[in-house]
Amino acid sequence: MRTPRLVAGALLLLAAVAGTVTVTGCRYWDDAFADVEVSRGIVYGRAVEQSGRPVDLVLDLYQPAGDTAAARPAIVWVHGGGFTAGTRTNPNTVDLALRFARKGYVTASIDYRLLQGGSCAFAAPTPTCGRAVLDAQHDAQAAVRWVRAHAAGLRVDPDRIAVGGSSAGAITALNVAYRSHDPGDSGTPGVSSAVQAAVSISGTATDVGSIGPGDPPVLLFHGTADATVPYRLAVGTVARAGAAGLVADLVSFEGAGHGLYQVYADAIVPRIAAFLYLVLRAPG
């Protein structure tokens, strides 16, 4: 397999060498648990599709087996699929949920409303596509609120919740990070939708004008030859965040296209682990 040349920002000084430095016995960085308990089909909200049909919103929950720790950080993972396809059982999303549960996180893989019978493309955006992007954001925010509202029972620290995904899931994760002022009404009202970190694999923020003070640190991975979500959009997201005084770092895969995680998972996961370890490890 060709190894891409990676370019990392200042925050990733530690993360950039995560693939070459061995850290053992370090919860949230290293694999601290061999087994994961999975609870499937949990309803976290309810919303109306563009067709007018109400649907239950469902997630699968992943927890490290045998873990007795309290106040654990959590990650909500969002699948890709161009806002028209995919489910919470997407192999890439499940792999991320399992990998980070083994590190000690409580993780969730979520379903969200999809555009039926249409397509979403940056080259030719449509009103229905825009609605699908917003629906995905609102549903993911409802999942964050559900985790926060159930923090005591899940033994989760409500002040240490991250969101991440790839492709459409990455776009959704960044929109959750940067648009907490627009929480939607997909479930668990009256609870904060704010996250403390976000991870984007082949995504971009769709509303860079909303990026501003108080937004969380974000980490982006992007191929410079991505023809689906152009690389320049990820660069623009990071530039806008930096101009607002926020922490935002971009790991660039020179010559790589859109399907990063399928090819480079073993390069991506250690860098996510290092980033979240730095951002979420200390309570609050």
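Residues numbered from 1 in each chain as written. Predicted model: local features only at pLDDT ≥ 70, side-chain atom pairs only at ≥ 80, totals over all residues. Heavy atoms only, no water.

### Looking at the overall build of the chain
Filter applied, for reference: Only DSSP runs of H or I reaching four residues or more are called helices, and only runs of E reaching two or more are called strands; each is numbered from the N terminus. Throughout, exposure labels follow a simple rule: accessible area from a 1.4 Å probe, protein chains only, divided by the maximum for the residue type, with under 20% read as buried, over 50% as exposed, and the rest as partly exposed. Contacts are residue-level and defined by heavy atoms, with any inter-residue pair within 4.5 Å sufficient. The protein chains shown are the only cover counted for residues, whose accessible areas, like all others here, come from Shrake-Rupley with a 1.4 Å probe.
Counting its secondary structure elements, the chain contains 6 helices and 9 strands. Split into buried and exposed, the 284 residues of the chain put 52% on the buried side. Long-range contacts, defined here as pairs at least 24 residues apart, represent 78% of the contacts in the chain between residues at least 6 apart. Total accessible area on the chain stands at roughly 11300 Å², and carbon and sulfur atoms take up 55% of it.

### Side note on the pattern of salt bridges
Formally: Salt bridge, as used here, is a side-chain nitrogen of Lys or Arg placed within 4 Å of a carboxyl oxygen of Asp or Glu.
The tally for this structure, following the rule as stated, stands at 16 salt bridges. For Asp67, the salt bridge is made with Arg72, and the minimal N-O distance between the two is 3.0 Å. Assigned by exposure class, Asp67 and Arg72 land together as buried. Overlapping salt bridges bring together Arg40, Asp60, Arg88 and Asp111 as one network.

### So, the layout of surface pockets
Put simply, the rule reads: Computed over the protein atoms alone on a 1 Å grid, cavities are sets of points where a 1.4 Å probe fits but cannot get out and pockets are open sets with protein on both sides within 12 Å along at least five of seven lines; a residue lines them when it has an atom within 4 Å of a point. Grid points are joined across faces, edges and corners, and a volume is the space filled by probe spheres set on the points. Under the convention adopted here, Pro, Cys and the residues Ala, Val, Leu, Ile, Met, Phe, Trp and Tyr are nonpolar, Asp, Glu, Lys and Arg are charged, and Gly plus all remaining residues are polar.
When its volume is computed, the largest pocket comes out at roughly 250 Å³. As for the largest pocket, its lining consists of 17 residues, and the residues nearest its centre are Phe83, Cys120, Ala121, Phe122 and Ile171. When contributions to the lining of the largest pocket are tallied by element, the ones reaching two or more residues are α2 (127-149) and α4 (168-178). Tallied by class, residues from the lining of the largest pocket come to 10 nonpolar, 7 polar and no charged.

### Digging into unusual backbone geometry
Of note, Ala71 is a non-glycine position whose phi angle comes to about 55°, a positive value. Counting through the fold element by element, Ala71 comes out in the loop between β3 (54-64) and β4 (72-78). A positive phi angle, close to 55°, is found at Arg155, a residue other than glycine. On the secondary structure map, Arg155 appears in the loop between α3 (151-154) and β6 (156-166).

### With respect to the pairing of strand β9 (residues 248-253)
In plain terms, the rule: Here, a strand pair is defined by DSSP locating no fewer than two bridges between the strands. For a crossover, the right-handed case is the one in which the path from the first strand over the helix to the second runs clockwise, viewed with the strands pointing away from the viewer.
Of all 6 residues making up β9, 6 are buried, and the element is well covered by its neighbours. Here strand β8 (residues 218-223) pairs with β9 via 6 bridges, running parallel. Looking at β9, one finds that Leu220 is bridged to Leu250. A crossover connection joins β8 to the parallel β9 through helix α5 (residues 231-243); in handedness this β-α-β unit is right-handed.

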